[in-house]
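Here are the chains, one letter per residue:
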Amino acid sequence: MRKKKLSARLSAVCLALLAVTAVTAGLPGTAVASPGPAEPRTLAAADTSAPQRLRADFDGDGKADLAVWRPSNGTWYVIRSSDGGRTDQQYGMSGDVPVSGDFDGDGKADFAIWRPSNGTWYILRTTDGGQTIQQYGLSGDIPV
Ligand SMILES: [Ca+2]
Ligand SMILES: [Ca+2]
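Since the model is a prediction, treat every value here as computed from it, not as a measurement. (Residues numbered from 1 in each chain as written. Chains lettered and ligands numbered in written order. Predicted model: local features only at pLDDT ≥ 70, side-chain atom pairs only at ≥ 80, totals over all residues.)

Caption draft 1: Main features of the overall build of the protein chain. Secondary structure assignment for the protein chain yields 2 helices and 8 strands. Counting from the amino terminus, the protein chain carries its helices and strands in the arrangement α-α-β-β-β-β-β-β-β-β. Counting every position in the protein chain, which comprises 144 residues, the buried fraction comes to 16%. Restricting to contacts in the protein chain with at least 6 residues of sequence separation, those with at least 24 account for 13%. (Helix = DSSP H or I, 4+ residues; strand = E, 2+ residues; numbered from the N terminus. Buried ≥ 20, exposed ≤ 12 C-beta atoms within 10 Å, placed from the backbone. Contact = placed C-beta atoms within 7 Å.)

Here it is in structure tokens:
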């Protein structure tokens, strides 16, 4: 008789705990926060005055080179993966967005920037050293 009562009490406690757990788990505040929504905010808040790291193959050896573009002086600093030497190239200015890539298809990344103020791409071609200037995009867009 006594064991039955104890058992019944334990069962009741267990049910109560299960109920509390279920209710707690259902509360919105207890859900594990997803990192998804936070990432765009982090990117949007990125300090554009700090040098930005890009990955591209500027010397055409098939390996990405360490490269930064410094907004304060619009200069690219590249450590070539082929020989470890450094290439400095002034191209762009504060407010621009670095968008290096191989636009002329010679296997070497071209120094390139996108200017948000006029939505224009400025590309320094590796094939002949000339420039390709093309308006594409609007202020507020993000070049990709
Ligand atoms: Ca390389
Ligand atoms: Ca190129």
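Having seen it, we continue.
Caption draft 2: Main features of the sheet that holds strand β6 (residues 111–115). Read across the open sheet, the 4 strands follow the order β5-β6-β7-β8; overall the sheet is antiparallel. Edge positions in the open sheet fall to β5 (97–98) and β8 (131–135), since each of these has one partner strand only. (Pairing = 2+ DSSP bridges.)

Caption draft 3: Spatial organisation of the pairing of β6. Burial analysis of β6 places 4 of its 5 residues in the buried class, the great majority of the element. Where β5 meets β6, 2 bridges bridge the pair, whose relative direction is antiparallel. Directly across from V97, in β6, lies its bridge partner W114. Across 5 bridges, β6 lies against strand β7 (residues 120–124) in antiparallel orientation. Residue I113 lies in a different strand from β7, and its bridge partner there is Y122. With antiparallel pairing between neighbouring strands as the criterion, β6 and β7 make up a hairpin whose turn holds 4 residues, including G119 at a positive phi of roughly 60°.

Caption draft 4: Summary view of the nonpolar core. If you look at the biggest cluster of nonpolar residues, it comprises 14 residues, and the most contacted ones within it are F58, A67, W76 and A112. Elements supplying a minimum of two residues to this core: β2 (65–70), β3 (75–79), β6 and β7. In terms of residues, this core owes the most to one element, β6, which gives 4 residues. Excluding residues that lie within four positions of it along the chain, W76 makes contacts with A67, W69, D88, Q89, Y91 and F111. (Core = buried A, V, L, I, M, F, W, Y, C linked by C-beta atoms within 7 Å.)

Caption draft 5: Layout of the environment of Y122. The topology assignment puts Y122 in strand β7. Distance in space between the C-alpha atoms of Y122 and V99 is 9.2 Å, their sequence separation being 23 residues. Excluding residues that lie within four positions of it along the chain, Y122 makes contacts with A112, I113, R115, Q131 and I133.

Caption draft 6: View of the confidence of the model for the protein chain. Mean pLDDT over the protein chain works out to 77, with 62% of the residues at or above the 70 mark. The model gives residues 6–46 a pLDDT under 50, and that stretch makes 2 contacts with residues more than four places away or in other chains. (pLDDT = per-residue confidence, 0-100.)

Caption draft 7: Region of the structure containing the environment of D57. Mapping D57 onto the fold places it in the loop between β1 (52–56) and β2. When the C-alpha atoms of D57 and S100 are compared, they prove to be 9.3 Å apart, with 43 residues separating the residues in sequence. Not counting residues up to four positions away in its chain, the partners in contact with D57 are G62, K63, A64, D65, K108 and A109.

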